[in-house]
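Understanding the architecture of this molecule
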Amino acid sequence: MSDDTATADAWAELVDTARRTAAEGLVVGTSGNVSVRVGELILVTPTGVPYDRLGPADTVAVDLEGRQVMGTLRPTSETPMHLAVYRNTDARAVVHTHAVHATAVSTLVSELPLIHYMAAALGGPVRVAPYALYGSEELAESMLGALRGRTGCLLQNHGAVTYGAGLAQAYDRTAQLEWMCRVWLAAAALPGRAPSLLAPAQLDEVAERLRGYGQP
């Protein structure tokens, strides 16, 4: 496969993933952003452009230093956050959303309580990165701290970030994180009742079992 074909295919998948975040209610309007790595290129959604308007001619890419190397549309304002993930992890794709339940939880706690064992699929208890201005290097640094040893985190008063080996995995982690936030909010909302939570040892047991999960 040629580099041009690989880039075109990755862009098409990125646009499909971005549209999915909107269709499934994880973002509103042009909020949130998606990126995928192809070699030394980082393809990113452009800032302020509705996803349903994006086509092959709108491909936007930056290098790992943040220099725009492809496209005429401006990259997402959250490019520093995406680049921080690629520079410091083995990520091949990043999904950032403003999902309702994830954002709500980010305003309440410093770590998502262990309401469900799927926290193990994100590397452990999901932390909340302290608030920082969107698009800033400060936010990127705050996020990296919360991502240490994790593949997803919440951003205080902002939303969620997950990454993976590809767009499908990054998106699945975003959806799982939003679902866990929704479950905890629903359980914690019952008057006079407190949800049961898992112990760290129980989560470790799940993490071990997940290593052999799925088809070989």
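This text follows the structure it describes.
Basis of the calculations
- Residues numbered from 1 in each chain as written.
- Predicted model: local features only at pLDDT ≥ 70, side-chain atom pairs only at ≥ 80, totals over all residues.
- Heavy atoms only, no water.
- Patch = residues over 30% accessible without salt bridge, like charges linked within 9 Å, V, L, I, M, F, W, Y side chains within 5 Å.
- Areas by Shrake-Rupley, 256 points an atom, 1.4 Å probe, with all protein chains shown as cover.
- Salt bridge = Lys/Arg side-chain N within 4 Å of Asp/Glu carboxyl O.
- Buried < 20%, exposed > 50% of the residue type's maximum accessible area, 1.4 Å probe, protein only.
- Helix = DSSP H or I, 4+ residues; strand = E, 2+ residues; numbered from the N terminus.
- Contact = heavy atoms within 4.5 Å.
- Pairing = 2+ DSSP bridges.
- Axes fitted to C-alpha atoms, helices over the stretch in contact; angles between N-to-C directions.
- Parallel < 35°, antiparallel > 145°, perpendicular 65-115°, else oblique.
- Left-handed = near helix turned anticlockwise from the far one by under 90°.
- Nonpolar A, V, L, I, M, F, W, Y, C, P; charged D, E, K, R; others polar.

1. Quick look at a nonpolar patch on the surface
On the surface, Tyr-131, Leu-133 and Tyr-134 cluster together to form a nonpolar patch covering roughly 360 Å² of accessible area. When its relative accessible area of 47% is taken as the criterion, Tyr-131 is described as partly exposed.

2. Points about the environment of Arg-74
With respect to the helices and strands, Arg-74 occurs in the loop between strand 4 (68-70) and helix 2 (79-88). Distance in space between the C-alpha atoms of Arg-74 and Thr-7 is 18 Å, their sequence separation being 67 residues. Excluding residues within four positions of it along the chain, Arg-74 makes contact with Pro-46, Thr-47 and Gln-68.

3. Side note on the sheet that holds strand 2 (residues 41-44)
One open sheet accounts for eight strands, arranged 4-3-2-1-5-8-7-6; its pairing is mixed. The open sheet terminates on both sides in strands that have one partner only, identified here as strand 4 and strand 6 (128-129). Pairing between strand 6 and strand 7 (residues 152-155): two bridges, direction parallel. Counterpart to Ala-129 in the pairing with strand 7 is Leu-155. Contacting strand 1 (33-38), strand 2, strand 4 and strand 5 (93-97), helix 1 (residues 3-23) crosses the sheet at an angle of about 160° to strand 1.

4. Things to note about the packing of helix 1 against helix 5 (residues 167-188)
Where helix 1 contacts helix 5, the two axes come as close as 10 Å, and the packing angle between them is 15°. One way to sum up the angle between helix 1 and helix 5 is to call them roughly parallel. The hand of the helix 1/helix 5 crossing is right-handed. Residues Ala-10, Glu-13, Leu-14, Thr-17, Arg-20 and Thr-21 of helix 1 pack against Leu-167, Ala-168 and Tyr-171 of helix 5. Its residues assigned to classes, the contact of helix 1 with helix 5 comprises five nonpolar, two polar and two charged.

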